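Residue-level structural notes
Now for the letters of each chain:
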Amino acid sequence: MAAAMERASNQQARDMREQLLDWLPPSEIKPLLQKMAEPHGFFAASQGNMQFWREAWCGSEFALHQNSEAFRLCKSDPPDFEIISGGAVQRWELAEIRQPNTRVNATFAEAAHRHNVGIIQTVENFDLDYSWLSDRLSITLQRKASKNYPDDIGLCIYIHDVWLFDDQIKEITRTITETMAPYNANFRAIATMVQDRVFTL
């Protein structure tokens, strides 16, 4: 039987976050995060004191797609993370969205519970109804725009629960770019990540 997933203590979380405050090549972040998560499994992505773990995962994925030289989390928020790209430091705030009636923390916490009680987890099918995408993305953009971030901060949005199958890429691309467009002036830049693709304006 697989080892139980354990919650991280506040001290463990602080020690892990400290390692991510220094500049590192983006390619080194994911192995580091995987090592951090080994004792904790899905709890690494669900606990409140481990929010930095998801920020580092999403942010470093973005940095890799931008061919950035370095990545680090920020000591204070905003912004959530910084990257060095083309020799210049870029500051980014992160947001995550999921389909309605789901929360990222709760989803991963439930996965950890199912693992610990021995329930086999399978994916039987994909929900390909993305009629919720425009509204959820717009709500997130409105919420972030209302915070009036400094002019040098960009917004990176990581979208869960969307699968880029060939017959839907064109429509998903249109939905994302059209929804982002009205908010372009509110941020230095807007980038939206879906799986391994980054949409920018």
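Structure first, text after, so check above.
Attention here is on the structure that accompanies the text. For clarity, every value in this text was computed on a predicted model and none was experimentally measured. (Residues numbered from 1 in each chain as written. Predicted model: local features only at pLDDT ≥ 70, side-chain atom pairs only at ≥ 80, totals over all residues. Heavy atoms only, no water.)

Right, let's get into the sheet that holds strand β6 (residues 197-200). In spatial order, the strands read β1-β2-β3-β4-β5-β6; together these six strands make up an open sheet with mixed pairing. The open sheet is flanked by β1 (70-73) and β6, the only strands paired with a single partner. If you compare each strand with its neighbour and ignore which way they point, the axes differ by 30° on average. Note that β1 and strand β2 (residues 81-85) share four bridges and pair antiparallel. (Pairing = 2+ DSSP bridges. Helix = DSSP H or I, 4+ residues; strand = E, 2+ residues; numbered from the N terminus. Axes fitted to C-alpha atoms, helices over the stretch in contact; angles between N-to-C directions.)

Three- or four-residue spacings in an α-helix give side chains the same orientation, since the helix completes a turn every 3.6 residues. In this model helix α6 (residues 169-180) runs 16 Å from its N-terminal to its C-terminal C-alpha over 12 residues, within 8% of the 16 Å that 1.5 Å per residue would give. Listed as buried for α6 are I169, I172, T175, I176, T179 and M180. Seen end-on, α6 carries its buried residues on one side only, within an arc spanning 135°. (Expected span 1.5 Å × (residues − 1). Buried < 20%, exposed > 50% of the residue type's maximum accessible area, 1.4 Å probe, protein only. Arc of directions from axis to C-beta.)

Before going further, it helps to examine unusual backbone geometry. The omega torsion across D77 and P78 is 5°, close enough to zero to call that bond cis. In the segment running from P78 into P79, the intervening peptide bond is cis, with an omega of -5°. Note on placement: P79 falls in the loop between β1 and β2. Located in the positive-phi region is N148, a residue other than glycine, with phi close to 50°.

These figures come from the coordinates and say nothing about function on their own.
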